[in-house]
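Read off the chains here:
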Amino acid sequence: MSVLGRRSAILVFLVFAFAYFFSALVRSVTATLSPELTREFSLNARDLGLLAGGYFLGFAAMQLPLGKWLDRHGPKRVVIGFLAVAVLGCIAFAQARGLTGLLLARVLCGVGLAACLMAPLTGYRRWLDPASQLRANSWMLMTGSMGMVASTLPVQWLLPQFGWRPIFWGLAGVLLLSMALIAWRVPGWHASTPQSDAGTYAGVWRHPYFRRLIPLGFFNYGGMVAIQTLWAVPWMLQVGAYTPMQAATSLFWINVAMLGTFWSWGVLIPRLTRRGVRSEQLIAWGTPLSLGVLAAIVVAGAAWGPQAGLLWAIFCMSSTFLSLAQPAVGLAFANELAGRALSAYNLVIFGGVFVVQWGIGLLIDLFAAMGWDAVRAFQGALGVFLLCNLLSYVYFLLAKRT
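Note that the coordinates shown come from a computational prediction; the quantities given were computed from them, not determined experimentally.

Caption draft 1: Spotlight on empty space enclosed by the protein. This model, assessed by the stated rule, comprises 6 cavities of 30 Å³ or more. What the largest cavity holds in volume is close to 150 Å³. Lining the largest cavity are 17 residues, with Tyr20, Arg27, Leu141, Tyr221 and Val225 positioned closest to its centre. Considered class by class, the residues forming the lining of the largest cavity number 11 nonpolar, 5 polar and 1 charged. As a volume, the second largest cavity reaches approximately 80 Å³. Around the second largest cavity sit Leu121, Tyr124, Arg125, Gln133, Leu134, Asn137, Gln326, Pro327, Gly330, Leu331 and Leu342, which together line it.

Rendered as structure tokens:
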């Protein structure tokens, strides 16, 4: 039974969703800004991948301490402290004068926004019943998709008027507002376990269900985020011959499609749960769809260039089956371990985002240095990514079922 009443639960959700909306916008805005940043700072593919991945490096680095702090101090105190770091990161990005400054600011943003999803999910684990937790998770991801939508065409429209630096000053301001809202509406927290039990992740990492989902989270789901937040746009520009405005428009519709998909999961999941359909079943059925679409994109290359935006939208939508793993991991552990379990799996996902985001850039530059043209270099890099996804899915099917 929910600890929070219906009205309180809705308000808490909305407050957390407000913060997560802008967290997702900051996370994904580098895709829209990539032509501007590449031109102003003379970035190559490796630099662009590292810059975008810097956010996820900072994000992933905080996940293990974040889980302990969430279990001990609760979502309210932790997320407010983290958001203060994100405000500093946005200000530093707005003032950066070179790649090093941009990278350090992105790492700071990743650190500061690391709690924006894990904090509410930890709270929901205690405040909501299981079906409502799954719905709230899907709708939080829907809110993230709304933030990604806002990072595309709206940002593209603002760029000629204001430039990218004032946009980051504005983001710092709204993050300050989100801190005030969280302090106002989110309930406090009382640790349910002795402090001596709050420091270990051993039980989480040894759990066979957790280990079974690690490769899928790292390569498949983390890779989808890497594509959505960066490499879909360079693919459309280099392989599909899109203009920057066409690429931003396509990315806008990709994120709208993701928004609708996560909303649909929020509606369907409670019904499927009541009928006994498990998350791992849905993952097993849905993952081949994303693999098939990715294979078609890689093989077709420039031949389907004008349809690149549509194909990436279908790939991202079909990859959302993997989002069901995150709340399933939380439900697999007791309340007192929920923060650590969720944060540990988030570390897996966003560690994967960093590796895939930077790795694709490294591979593109490597293949280009071998004399491949831009289209073949992108196909080769995404082909390696496809192979990693396929092997992860095979491991998931063969791993011990629990």
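Caption draft 2: Region of interest: the packing of helix H1 (residues 6-41) against helix H6 (residues 118-127). Closest axis-to-axis distance for the H1/H6 pair is 10 Å, and the angle between their directions is 165°. Looking at the two axes, H1 sits roughly antiparallel to H6. Note on packing geometry: the crossing formed by H1 with H6 is left-handed. Note on element contacts: H6 touches H1 through Ala119, Pro120, Tyr124 and Trp127, opposite Val12, Phe13 and Phe16.

Caption draft 3: Region of interest: the pattern of salt bridges. For the coordinates displayed, the defined rule picks out 5 salt bridges. Notably, a salt bridge pairs Asp365 with Arg46, separated by 3.4 Å at the nearest N-O pair. With Asp365 in helix H16 (residues 338-369) and Arg46 in helix H2 (residues 45-61), this residue pair connects regions lying 319 residues apart in the sequence. Residue Arg46 is classed as partly exposed on the basis of its relative accessible area of 35%. Residues Glu280 and Arg278 are paired through a salt bridge, measuring 2.9 Å at the closest nitrogen-oxygen approach. The exposure class of Arg278 is partly exposed, given its relative accessible area of 46%.

Caption draft 4: Fine view of the environment of Asn137. The residue Asn137 is located in helix H7 (residues 130-150) in this model. A relative accessible area of 2% means that Asn137 is categorised as buried. Setting aside chain neighbours within four positions, we find Asn137 in contact with Leu121, Ser323, Gln326 and Pro327.

Caption draft 5: Main features of the packing of aromatic side chains. Inspection of the entire model under this criterion finds 23 aromatic pairs. Ring geometry for Tyr55 versus Phe56: centroids 5.1 Å apart, planes at 75°, classification edge-to-face. Note on accessibility: Tyr55 and Phe56 belong to one class, buried. An aromatic cluster is built from Trp231, Trp235, Trp312, Phe315 and Phe378, whose rings are joined through pairwise contacts. The ring of Trp139 carries Arg135 above its face, with NZ or CZ at 5.8 Å from the centroid. Stacked on the ring of Trp184, the Lys or Arg Arg185 has its end atom at 5.2 Å from the ring centre.

About the criteria used
Residues numbered from 1 in each chain as written. Predicted model: local features only at pLDDT ≥ 70, side-chain atom pairs only at ≥ 80, totals over all residues. Heavy atoms only, no water. 1 Å grid on protein atoms, 1.4 Å probe; cavity = no way out; pocket = protein on both sides within 12 Å on 5 of 7 lines; lining within 4 Å. Points joined across faces, edges and corners; volume = space filled by probe spheres on them. Nonpolar A, V, L, I, M, F, W, Y, C, P; charged D, E, K, R; others polar. Axes fitted to C-alpha atoms, helices over the stretch in contact; angles between N-to-C directions. Helix = DSSP H or I, 4+ residues; strand = E, 2+ residues; numbered from the N terminus. Parallel < 35°, antiparallel > 145°, perpendicular 65-115°, else oblique. Left-handed = near helix turned anticlockwise from the far one by under 90°. Contact = heavy atoms within 4.5 Å. Salt bridge = Lys/Arg side-chain N within 4 Å of Asp/Glu carboxyl O. Buried < 20%, exposed > 50% of the residue type's maximum accessible area, 1.4 Å probe, protein only. Phe/Tyr/Trp six-rings, centres within 6.5 Å; stacked < 30°, edge-to-face > 60°. Lys NZ or Arg CZ within 6 Å of the ring centre and 35° of its normal.

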